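Fold and geometry: a report
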Amino acid sequence: MPQTDKQICIPPELPELLKQFTKAAIRTQPQDLIQWAADYFGAMSRGEIPPVREQSERMALSNWAELTPELLKILHSRVAGRLIIHADELAQMWKVLSLPTDLFNSVMNVGRFTEEIEWLKFLALACSSLGVTIAKTLKIVCEVLSSDHDGGPPRIPFSTFQFLYTYIAEVDGEISASHVSRMLSYIEQEVIGPDGLIKVNDFTQNPRVRLE
């Protein structure tokens with residue numbers, strides 16, 4: 001009788017791969033494990049960050065059901081400093097945070113984004129869904145982008161603020177380019193210090209700065 005038993009070769013990387021997958025699934029607690037597993041290994045095969053929810057993100061989701069500055073800050077950290085991000089990858093990050101799909105689609109439509117997305121523009125429009133005014137929107141953007149951990153007021157480079165204010169004003173369509181130019185010129189000449197940074201208070205509590 002011919003021998004039918006064959007030696008099974010286990011790929012050496014398989015145990016560690018399954019171990020990391022199991023730990024990621026436990027941390028993330030996906031509602032649809034099969035779909036999440038497909039997304040996980042799909043991201044791994046493309047060399048992208050897999051959709052693993054960290055502890056701070058789980059805490060955020062337990063407190064907030066809708067889009068918040070805190071969740072946007074988590075999303076910004078996942079983008080990891082990139083200026084351009086692919087739409088599919090950003091959509092997956094959005095999904096991992098359980099953020100509303102209709103809001104994602106709305107931001108995509110308003111920004112007329114395609115496959116390659118300028119992250120700061122997407123972030124600005126996402127923040128505008130939380131801010132009633134342009135000043136409020138820029139305040140939220142500053143809070144999301146600021147990397148200060150010393151308890152001081154949120155602050156970002158003036159060049160970044162200039163880019164964001166100009167873009168938001170263009171999308172808004174009700175603020176003249178001359179007004180934007182005057183405000184930016186005043187802020188740069190009279191407000192910004194040697195460090196080149198702008199603080200939230202510089203444009204929210206200065207009576208001469210009217211962004212609207």
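Per an unreviewed UniProt entry, the chain goes by the name Rhophilin associated tail protein 1 and belongs to Ursus maritimus. Of the chain, the UniProt comment under Function (unreviewed entry) reads exactly: "Important for male fertility. With ROPN1L, involved in fibrous sheath integrity and sperm motility, plays a role in PKA-dependent signaling processes required for spermatozoa capacitation."

The next subject is the environment of P153. You can see P153 is positioned in the loop between α8 (134-145) and β3 (155-157). P153 sits in the partly exposed class, given a relative accessible area of 36%. Each C-alpha atom, one on P153 and one on N201, is 7.6 Å from the other, the two residues being 48 residues apart in sequence. With sequence-adjacent residues up to four places away left out, P153 is seen in contact with D148 and K199.

Working note: α-helix, 3.6 residues per turn, so residues spaced by three or four point in the same direction. The end-to-end C-alpha distance of helix α9 (residues 158-172), which contains 15 residues, comes to 21 Å, matching closely the 21 Å that a straight helix rising 1.5 Å per residue would cover. Within α9, burial applies to F158, T160, F161, L164, Y165, Y167, I168 and A169. Following α9 by one or two positions, G173 adopts a phi angle in the positive range, close to 80 degrees.

Glancing now at unusual backbone geometry. A positive phi angle, near 60 degrees, is found at A80, a position not held by glycine. In this structure, A80 sits in the loop between α4 (69-79) and β1 (84-86). Residue R112 is not a glycine yet carries a positive backbone phi of 55 degrees. Along the chain, R112 falls in the loop between α6 (101-111) and β2 (116-118).

Quick look at the packing of α4 against α8 now. Axis separation between α4 and α8 bottoms out at 9 Å; the angle between their running directions is 50 degrees. Comparing the axis directions of α4 and α8 gives the class oblique. Crossing of α4 against α8: the hand is right-handed. Side by side, α4 and α8 meet where P69, L72, K73 and H76 of the first sit next to I140, E143, V144 and L145 of the second. Tallied by class, residues from the contact of α4 with α8 come to five nonpolar, one polar and two charged.

Here we come to the packing of aromatic side chains. On inspection of all chains with the given rule, the structure shows 13 aromatic pairs. Ring plane angle 50 degrees and centroid distance 5.6 Å describe the contact between F104 and F122, whose orientation is recorded as tilted. Taken as a pair, F104 in helix α6 and F122 in helix α7 (residues 119-128) lie far apart in primary sequence, 18 residues in all. Each member of the pair, F104 together with F122, is buried. Members of the aromatic cluster, connected to one another through ring pairs, are W94, F104, F113, W119 and F122.

About the criteria used
Residues numbered from 1 in each chain as written. Predicted model: local features only at pLDDT ≥ 70, side-chain atom pairs only at ≥ 80, totals over all residues. Heavy atoms only, no water. UniProt positions renumbered as here; feature names shortened; annotations may be inferred. Helix = DSSP H or I, 4+ residues; strand = E, 2+ residues; numbered from the N terminus. Buried < 20%, exposed > 50% of the residue type's maximum accessible area, 1.4 Å probe, protein only. Contact = heavy atoms within 4.5 Å. Expected span 1.5 Å × (residues − 1). Axes fitted to C-alpha atoms, helices over the stretch in contact; angles between N-to-C directions. Parallel < 35°, antiparallel > 145°, perpendicular 65-115°, else oblique. Left-handed = near helix turned anticlockwise from the far one by under 90°. Nonpolar A, V, L, I, M, F, W, Y, C, P; charged D, E, K, R; others polar. Phe/Tyr/Trp six-rings, centres within 6.5 Å; stacked < 30°, edge-to-face > 60°.

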